[in-house]
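Okay, here's what each chain looks like letter by letter:
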Amino acid sequence: MFSLAQKSALVTGAGSGIGKAIAEQFAFSGATVHLIDLNQEALSQTQASISAGGGTAYIYPCNVAQQESVAAVIENVLSNTGRIDILVNAAGIAHIGKLETTTEEDLDRVYAVNVKGVYQMMKAVISTMTAQNKGVILNIASIASSVGLADRFAYSMSKGAVLTMTLSVAKDYIAQGIRCNCISPARVHTPFVDGFLAKNYPGREAEMFEKLSKTQPIGRMAEPKEVAALSLYLCSDEAGFLTGCDYPIDGGFIKLNS
Ligand SMILES: NC(=O)c1ccc[n+]([C@@H]2O[C@H](COP(=O)([O-])OP(=O)(O)OC[C@H]3O[C@@H](n4cnc5c(N)ncnc54)[C@H](O)[C@@H]3O)[C@@H](O)[C@H]2O)c1
């Protein structure tokens, strides 16, 4: 079950954290993976780990917010494998602040990556998937998408848009055999979280890590590989009946925290 043999899968944000874990999981489940990230050095490390495990990965340094850069990547992907079966949008950035402490520049920066980046990638693959009459898109949203998070005005805005773009694409392309879902993690222990703690709580990282862990009723953060396992299922043929859904992977955050 859940084999991705013969599949060609694009993963953005594949240089780190959740995107990296998904790319590795997909490669070890048989897919040829196309790794997309801003950070070339990080891409090479993910590629090396996939090759060491016997998988096949190509790398594409790219800013997902830039249309020409994304178009060039898709052209290269198609010349390498000729088809695109799966797109996972995991590239994303964080921002801390409420309405009053979010500047217009902050809002634009978060929008550019978290919203426009997802739009650019989906737009760039949709004609290929439509021509194949088959494809799967999986977007990494957040618990912020549906509940909003305190002191995360711009981030919650952007992840709300990821959820609604997912629903919109799922509706518009269901007749073309394209499934589109999103996953909404609570805190996952990745460099995203470590970077946040180092920047905002220098010297208090361990204390704050413990505090953030406890915001999930289950008492810990998720591991990237746990998000990768759900992603594998959702992108496999076994999930052929699933589209237009948002899957929380949140240690009970949404339903058990009241
Ligand atoms: N870690 C969490 O607690 C958590 C929780 C919920 C949702 N998420 C979401 O999961 C996704 C991945 O998060 P993570 O924790 O693995 O983060 P991460 O910082 O570890 O990895 C994100 C990757 O995206 C890349 N990236 C950033 N901007 C880019 C751009 N413009 N073009 C191409 N690549 C770019 C970075 O270089 C990095 O390699 C994000 O969308 C994030 O919002 C994370």
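The paragraphs below set out a description of the structure included in this document. Starting afresh in each chain, residues are numbered from 1 along the sequence in its written order. For this predicted model, a pLDDT threshold of at least 70 governs which residues receive local features, and a threshold of 80 or more governs which side-chain atom pairs are given and counted, while totals over whole chains, interfaces and linings are taken from all residues. Computation of side-chain values: all heavy atoms of the structure, hydrogens and water removed.

This part is about the sheet that holds strand E3 (residues 56-61). Strand pairing is assigned whenever DSSP detects at least two bridges linking the two strands. Note on conventions: DSSP H or I runs of at least 4 residues are helices, E runs of at least 2 residues are strands, and numbering of each starts at the N terminus. With respect to topology, seven strands assemble into an open sheet ordered E3-E2-E1-E4-E5-E6-E7, the strand pairing being parallel. Every other strand in the sheet has two partners, leaving E3 and strand E7 (246-249) as the edge strands with one partner each. Between one strand axis and the next, the sheet turns by 20° as a mean value, whatever way the strands run. Sheet topology note: the strand E1 (residues 8-12)/strand E2 (residues 32-37) ladder contains five bridges and is parallel. To get an axis, fit a line to the C-alpha atoms, keeping to the stretch in contact for a helix; angles then go from 0 to 180 degrees between the N-to-C directions.

What follows concerns the side chain of aspartate 85. Within the secondary structure, aspartate 85 is located in the loop between helix H3 (67-81) and strand E4 (86-89). When its relative accessible area of 9% is taken as the criterion, aspartate 85 is described as buried. Any two residues whose heavy atoms approach within 4.5 Å are treated as being in contact. The contacts of aspartate 85, once residues within four sequence positions are left out, are Gln6, Lys7, Ser8, Met129, Gln132, Gly135 and Val136. Working definition: with a 1.4 Å probe on protein chains only, accessible area under 20% of the residue-type maximum means buried, over 50% means exposed, and in between means partly exposed.

Note that side chains of opposite charge can pair when their charged atoms are close. By salt bridge we mean one thing: a side-chain nitrogen of Lys or Arg within 4 Å of a carboxyl oxygen of Asp or Glu. Evaluation of the coordinates by the stated rule reveals seven salt bridges. Two residues, aspartate 85 and arginine 83, come together in a salt bridge whose shortest N-O distance is 2.6 Å. Residue classification places arginine 83 among the partly exposed positions, given a relative accessible area of 33%. We note a salt bridge from glutamate 226 to arginine 220, for which the minimum N-O separation is 2.9 Å. Note on arginine 220: relative accessible area 39%, which makes it partly exposed. Connected through shared salt-bridge partners, Lys7, Lys134 and Asp237 make up one network.

Before going further, it helps to examine the site of the ligand. Any residue with a heavy atom lying within 4 Å of a molecule or strand is counted as near it. In the neighbourhood of the ligand, 28 residues make up the surrounding shell, with Ser16, Ile18, Asp37, Tyr155 and Thr190 lying closest. Pairs of N or O atoms within 3.5 Å make up the polar contacts considered here, provided that, within protein, one atom can donate a hydrogen while the other can accept it, and that residues adjacent in sequence are counted only when both atoms are side-chain atoms. Note that a nitrogen atom of the ligand is positioned 3.4 Å from one of the backbone N or O atoms of cysteine 62. Measuring from a nitrogen atom of the ligand, one finds a side-chain N or O atom of asparagine 63 at 2.8 Å. Here the ligand loses 92% of its free accessible area of 830 Å² to cover by the protein chains. Looking at the shell around the ligand, the elements that each hand over two or more residues are helix H1 (17-28), helix H6 (153-172) and helix H7 (191-200). Residue contributions to the shell around the ligand peak at three residues, all from H7. Each of two domains, domain 1 (8-186 + 224-250) and domain 2 (188-221), supplies a minimum of three residues to the shell around the ligand. To be clear on the numbers: accessible area is Shrake-Rupley with a 1.4 Å probe, and residue cover counts the displayed protein chains and nothing else. An automatic or database domain assignment is the source of the domain bounds shown.

Core analysis: the biggest nonpolar cluster contains 33 residues, and Ile22, Phe26, Val33, Leu35, Ile86, Val88 and Ile183 have the highest contact counts within it. Contributing elements (two or more residues each) for this core: E1, H1, E2, helix H2 (40-52), E4, strand E5 (135-140), helix H9 (224-235) and E7. Once residues lying within four places of it in the same chain are set aside, the contact partners of leucine 35 are Val11, Ala14, Ala23, Leu43, Thr46, Gln47, Ile50, Ala57, Tyr58, Ile59 and Tyr60. In this description, a nonpolar core means a group of buried Ala, Val, Leu, Ile, Met, Phe, Trp, Tyr and Cys residues linked to one another through side-chain atoms lying within 4.5 Å. Within the second largest apolar cluster, 30 residues are counted, among which are Ile36, Tyr60, Ile84 and Met165.

The subject of this paragraph is the environment of methionine 121. Note on placement: methionine 121 falls in helix H4 (residues 104-132). Classification of methionine 121 by relative accessible area gives buried; the value is 0%. With 40 residues separating them in the primary sequence, methionine 121 and threonine 81 have C-alpha atoms 17 Å apart. When residues no more than four places from it in sequence are discounted, the contact partners of methionine 121 are Leu10, Thr12, Ile36, Val64, Val70, Ile74, Leu87 and Asn89.

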